[in-house]
Amino acid sequence: MLDRAFFARDSVVVAPELLGCIVTANGVSVRLTEVEAYREDDPASHSFRGPTKRTAVMFGPAGFLYVYFTYGMHFCANLVCGDDGTGAAVLLRAGEVVEGEALARGRRGEAVKDRDLARGPARLAQAMGWDRSDDGRDMIGAVSKSGTAASVAGPRTGITKAADTPWRFAIPGDRFVSPYKRHPKAPAAP
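Worth saying up front: this structure is predicted, and the values here are computed from it rather than measured. (Residues numbered from 1 in each chain as written. Predicted model: local features only at pLDDT ≥ 70, side-chain atom pairs only at ≥ 80, totals over all residues. Heavy atoms only, no water.)

S.K.: Explain the overall build of the chain here, please?
M.R.: Across its full length, the chain carries four helices and eight strands. The helix and strand sequence of the chain, counted from the amino end, reads α-α-β-β-β-β-β-α-α-β-β-β. If one aligns the C-alpha atoms of the chain with their principal axes, the spans along those axes are about 40 × 35 × 35 Å. Counting only residues that meet the buried cut, the chain has 51% of its 190 residues in that class. Residue pairs in contact within the chain that sit at least 24 positions apart in sequence constitute 62% of those at least 6 positions apart. When the accessible surface of the chain is summed, it comes to about 8600 Å², and 54% of that surface belongs to carbon and sulfur atoms. The chain carries 25 positive and 22 negative side-chain charges, and their two centres are separated by 7 Å. (Helix = DSSP H or I, 4+ residues; strand = E, 2+ residues; numbered from the N terminus. Buried < 20%, exposed > 50% of the residue type's maximum accessible area, 1.4 Å probe, protein only. Contact = heavy atoms within 4.5 Å. Areas by Shrake-Rupley, 256 points an atom, 1.4 Å probe, with all protein chains shown as cover. Lys, Arg positive; Asp, Glu negative; His and termini not counted. Charge placed at Lys NZ, Arg CZ, Asp CG, Glu CD.)

Following this line, the structure appears as structure tokens:
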């Protein structure tokens, strides 16, 4: 199991090390295949303008779950990183359900393909059974290392600010990684 010291580091360092790790909650375990790092000095981060009631969990301590609601219909989950008082986290973008498939399928729908049970941040949160009530949940003891996974870095997906910052990390060639989609309002890539 990963301890608090593992998470109490720069999110850009922690993010690729989470690839291949197993996250367990609410009867489901997911092997992480894709993540994105966010920091307080990052204009795309929810913590960029400082702590708010919504983002308070992002400012520490490390190892807790930061859950937010987006597009008026989806929850997404992050693992808080860094020092207390510093707003940083790693968005859990995609994974493979490795345990509790029946529960994940019940939350996601019977017709959903195995590949799509947790492929995408909202799908992953739904498969795990997370919602805003899980914001601030201590995840120490719920994330375990499962070997070492290769990683590739690239631009983050679905954001308009700092879209080209290469803090999206994925296991190369893994079929459970979500497709890259540049936000239509993001400035043109250099």
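S.K.: Looking at this model, I keep getting lost on the nonpolar core. Mind explaining?
M.R.: Within soluble globular proteins, side chains that are nonpolar tend to cluster in buried spots. Phe7, Leu18, Trp130 and Val143 are the most contacted members of the largest nonpolar core, which has 40 residues in total. Elements represented by at least two residues in this core include exactly helix H1 (4-7), helix H2 (11-18), strand S1 (22-25), strand S2 (28-38), strand S3 (65-70), strand S4 (74-80), strand S5 (89-99) and helix H4 (121-128). Excluding residues within four positions of it along the chain, Val143 makes contact with Met1, Leu2, Phe7, Leu18, Cys21, Ile22, Val23 and Leu79. Residues Phe59, Cys76, Ile159 and Ala186 belong to the second largest nonpolar core, which totals 15 residues. (Core = buried A, V, L, I, M, F, W, Y, C linked by side-chain atoms within 4.5 Å.)

S.K.: How do you make sense of the pairing of S4 when you look at a structure like this?
M.R.: Here is the key point about a regular strand: its side chains alternate between the two faces of the sheet. With five of seven residues buried, S4 lies mostly within the body of the structure. Note: S3 against S4, six bridges, orientation antiparallel. What sits directly across from Leu65, in S4, is Leu79. Here S3 hands over to S4 after three residues, with Tyr71 in that stretch at a positive phi of 55°. Judged from the three bridges that link them, S4 and S5 form a sheet pairing that is antiparallel. (Pairing = 2+ DSSP bridges.)

S.K.: Looking at this structure, how should I read the side chain of Glu36?
M.R.: Tracing the backbone through its elements, the reader meets Glu36 in strand S2. When neighbours within four sequence positions are excluded, Glu36 is seen to be in contact with Ala89, Val90, Leu91, Arg93, Arg156, Thr157, Trp167 and Arg168.

S.K.: Would you explain helix H3 (residues 101-108) in this entry?
M.R.: Residues that lie three or four places apart on an α-helix share one face, since the helix turns once every 3.6 residues. Every buried residue of H3 is accounted for by Ala104, Arg105 and Arg108. For H3, the angular spread of the buried residues around the axis is 100°, confining them to a single face. Exposed positions of H3 whose direction lies more than 90 degrees from the buried face are Ala102 and Gly106. Buried residues belonging to H3 abut S2, S5 and H4. Positive backbone phi, approximately 120°, marks Gly109, located one or two places after H3. (Arc of directions from axis to C-beta.)

S.K.: What is the right way to look at a nonpolar patch on the surface in this model?
M.R.: A contiguous nonpolar surface patch, about 390 Å² in accessible area, is contributed by Phe69, Tyr71 and Met73. Its place among the elements puts Phe69 in strand S3. With a relative accessible area of 39%, Phe69 lands in the partly exposed category. (Patch = residues over 30% accessible without salt bridge, like charges linked within 9 Å, V, L, I, M, F, W, Y side chains within 5 Å. Salt bridge = Lys/Arg side-chain N within 4 Å of Asp/Glu carboxyl O.)

S.K.: I tried to follow the packing of H3 against H4 on my own but got confused; where do I start?
M.R.: Between two packed helices, what matters for the description is the angle formed by their axes and the separation of those axes. Orientation of H3 relative to H4, taken along the N-to-C sense of each, is 120°, at an axis distance of 7 Å. By the criterion of interaxial angle, the relationship of H3 to H4 is oblique. In this structure, the crossing between H3 and H4 has a hand that is right-handed. Contact with H3, carried on its side by Ala104, Arg107 and Arg108, involves Arg123, Gln126, Ala127 and Met128 of H4 and no other residues of that element. Its residues assigned to classes, the contact of H3 with H4 comprises three nonpolar, one polar and three charged. (Axes fitted to C-alpha atoms, helices over the stretch in contact; angles between N-to-C directions. Parallel < 35°, antiparallel > 145°, perpendicular 65-115°, else oblique. Left-handed = near helix turned anticlockwise from the far one by under 90°. Nonpolar A, V, L, I, M, F, W, Y, C, P; charged D, E, K, R; others polar.)

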